[in-house]
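Coordinate analysis (summary)
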Amino acid sequence: MIRLTSTVLPFRVNEYVLELIDWDRIPQDPIFQLVFPQHGMLCADDERRLRRLSGDGGDRRELAACVAEIRAGLNPHPSGQRELNVPSHDGAELAGLQHKYRETVLYFPQQGQTCHAYCTYCFRWAQFVGDADLRFAAPSPDRLLDYLTVHPEVTDVLVTGGDPMVMTAQRLRAHVEPLLKMDSVHTIRIGTKSVAYWPHRFVSDKDADDVLRLFEDVVASGRTLAVMAHFSHPRELSTDVARRAIARIRGIGAVVYCQAPLIAHVNDSAPVLTQLWQAELAAGAVPYYLFVERDTGPYDYFKVPLAQGVEIFQAAYRNLPGLARTVRGPVMSATPGKVVVDGVDDTAQGRFFRLRFLQARDPGLVGRPFRARYSESAAWLDELELDLPTTAADIATAMGPQR
Ligand SMILES: *Cc1c(COP(=O)(O)O)cnc(C)c1O
Ligand code: SF4
């Protein structure tokens, strides 16, 4: 079934990740669930069709058509992120850039659009099966520099993918170093899963020292270099090499922030999340975001309803030392902005979710609390019934496309 499911969903693993798996506990093992396509990710009907077409005498063309059809049914391009936030300059769309929040631009270098291993829950999975248009990615930072020149309000560039750390140090430098000419850029973030999937990138790869030298140059220029490390489970921090990677990154004066989505079968447990955030703190990294999974790929398999998510998050958070309470969640990165579920309130009018914008297209909304009717099953903003005072018309407007 793994082989069949991986005809539809991307699958990639390496020797390091294989060793993180507890093979005595498969298939439930969380790291196994994190990278190996599973029975149950596709609906029973689709599994049956695949099995029939890939058996003896199956027609290859028919199989390919079936795979394409199943993929198309798995919402391969959730929330139109790319189309919605692509900025333009001199009337031309700028490939490889996304500008959603005033101070931050996302930058997608063309050669950084794969990963060392693939997460089964990845919301960018379509690009790994060749189903997405990679022309969105930037071959060089030239257009980014043009854009930054006319947008001095952008202080923060987030280099992301895929995983930019699949690039050689030399390539990465070609994308990052030119940014140091821009006085308006104060912070460079690198979004990466490499510390979890290939920590050797910062320790023993032949250009590991060159990677650190690049980071060091960013810091020496007076800027903040933040490695936004994706850690899904505490086991990813259990190896010496992972902790050494973090120590080396911190050693040159960069900061490591950690984030992950909340995923059924992987980390939907308060004790696991407590351990994760404690392990991050112990490694000298900063717990940052716990995201709500988006509706894409095998979403029904992974989704955690908001009611359950907020309960798990809060139970985990209560057990943390104060310094690890930098983590925020569960957070939905939705069209109008990042919305956190702060808790559940019982009132005379009934039960409600307490919500708040952590980030918003409209900076005036940031920090504003609002509420929605409690629901056992809702797993995303568009499934919530907002309860807004008439004075919150701006929130209602921002939510427009969500409802
Ligand atoms: C999360 C996010 C950012 C960064 O937001 P911070 O709250 O500053 O970490 C920027 N752009 C997009 C599209 C994001 O989703
Ligand atoms: S590391 Fe990120 S981009 Fe890569 S497969 Fe995992 S979730 Fe997707």
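Residues numbered from 1 in each chain as written. Chains lettered and ligands numbered in written order. Predicted model: local features only at pLDDT ≥ 70, side-chain atom pairs only at ≥ 80, totals over all residues. Heavy atoms only, no water.

Which entries qualify depends on this criterion: UniProt positions are given in the numbering used here, feature names are shortened, and annotations may be inferred rather than shown by experiment.
Looking at an unreviewed UniProt entry, the chain carries the name KamA family protein, with the source organism given as Kibdelosporangium banguiense. The Cofactor (unreviewed entry) comment attached to the chain in UniProt states, word for word, "pyridoxal 5'-phosphate".

1. Describing the overall build of the chain
The following threshold applies: Comment: elements are numbered from the N terminus, with helices defined as DSSP H or I runs of at least four residues and strands as E runs of at least two. Note on method: radius of gyration uses C-alpha positions; expected globular size equals 2.2 Å times residues raised to 0.38. Here a residue-residue contact requires only that any non-hydrogen atoms of the pair lie within 4.5 Å. Counted charges follow a simple rule, with Lys and Arg positive, Asp and Glu negative, and His plus the chain ends left uncounted. Here the site of a charge means NZ on Lys, CZ on Arg, CG on Asp, or CD on Glu.
Of the regular secondary structure elements, the chain holds 16 helices and 14 strands. In terms of overall dimensions, the chain is globule-like: its C-alpha atoms have a radius of gyration of 21 Å, near the 22 Å expected for 403 residues. Within the chain, counting contacts between residues at least 6 apart in sequence, those at least 24 apart form 71% of the total. Looking at charge distribution, the chain has the averaged site of its 44 positive side-chain charges lying 1 Å from that of its 49 negative ones.

2. As for the pattern of salt bridges
Where we set the bar: The salt bridge definition used is simple: a Lys or Arg side-chain nitrogen within 4 Å of an Asp or Glu carboxyl oxygen. Exposed residues in this analysis have more than 50% of their type's maximum accessible area, buried residues have under 20%, and partly exposed residues fall in between, with area computed by a 1.4 Å probe over protein chains only.
Applying the stated criterion to the full structure yields 21 salt bridges. In this structure, D217 and R173 form a salt bridge, with 2.9 Å as the shortest nitrogen-oxygen distance. Residue D217 is located in helix α11 (residues 208-220), and its partner R173 is located in helix α9 (residues 169-176); the two are separated by 44 residues in the primary sequence. For D217, a relative accessible area of 32% puts it in the partly exposed group. For R173, a relative accessible area of 21% translates into the label partly exposed. Here R248 ties to D209 by a salt bridge, and the two come within 2.9 Å at their closest N and O atoms. Taken together, the residues R248 in helix α12 (residues 240-251) and D209 in helix α11 connect sequence positions 39 residues apart. Here R248 falls in the partly exposed class, since its relative accessible area comes to 26%. Within the structure, one salt-bridge network assembled from shared partners comprises D46, R49 and E69.

3. Looking at the sheet that holds strand β13 (residues 369-373)
Test applied: At least two bridges found by DSSP between two strands is the condition for calling them paired. Between the N-to-C directions of two axes lies an angle of 0 to 180 degrees, each axis being a line fitted to C-alpha atoms and, for a helix, fitted only over the stretch in contact.
Spatially, the 12 strands line up as an open sheet ordered β3-β4-β5-β6-β7-β8-β9-β10-β11-β12-β13-β14, and their pairing is mixed. Looking at the sheet topology across the chains shown, the edges are occupied by β3 (97-101) and β14 (386-387). Relative to strand β11 (residues 337-347), strand β10 (residues 328-333) runs antiparallel, the two sharing 3 bridges. Bridge assignment links M332 to a residue of β11, and that residue is V339. Sitting on the sheet, helix α8 (residues 142-150) is in contact with β3, β4 (104-107) and β5 (156-159), with an inclination near 30° to β3.

4. Comments concerning the domain arrangement of the chain
As a reminder, the rule being used: All domain edges in this entry derive from an automatic or database-based domain assignment. By definition, the buried area sums, over both parts, the 1.4 Å-probe accessible area that each loses when the two are put together. Any pair of N or O atoms that falls within 3.5 Å is considered a polar contact. Within protein, one atom must be able to donate a hydrogen and the other to accept it, and sequence-neighbouring residues count only if both atoms are side-chain atoms.
Parsing the chain into structural domains produces domain 1 (2-72), domain 2 (78-328) and domain 3 (334-403). Using only C-alpha atoms to locate each centre, domain 1 and domain 2 end up separated by 26 Å. Taken together, the contact pairs 27 residues of domain 1 with 29 residues of domain 2. The largest per-residue losses of area from domain 1 upon contact with domain 2 belong to R12, Y16 and L34, which jointly make up 32% of the total buried on that side. Run the count over domain 1 and domain 2 and you get 1 salt bridge. Between R235 and D29 there is a salt bridge whose closest N-O contact spans 2.7 Å. At the surface where domain 1 touches domain 2, the tally comes to 9 residue pairs in polar contact (both at pLDDT 80 or more).

5. Focus: the packing of aromatic side chains
To be explicit about the condition: Stacked, edge-to-face and tilted are the three classes for Phe, Tyr and Trp ring pairs, Trp counted by its six-membered ring, which pair at centre distances within 6.5 Å; planes under 30 degrees apart are stacked, over 60 edge-to-face, the rest tilted.
Applying the stated criterion across every chain, the model contains 15 aromatic pairs. Measuring from centroid to centroid gives 5.5 Å for F313 and Y317, while their planes differ by 25°, and the two rings are stacked. Within this pair, F313 and its partner Y317 are both found in helix α15 (residues 306-318), separated by 4 residues, close to a single helical turn. A residue is classified by how much of its surface remains accessible, and Y317, at 28% relative accessible area, is partly exposed. An angle of 35° between the planes, with centres 5.4 Å apart, marks the rings of F357 and F370 as tilted.

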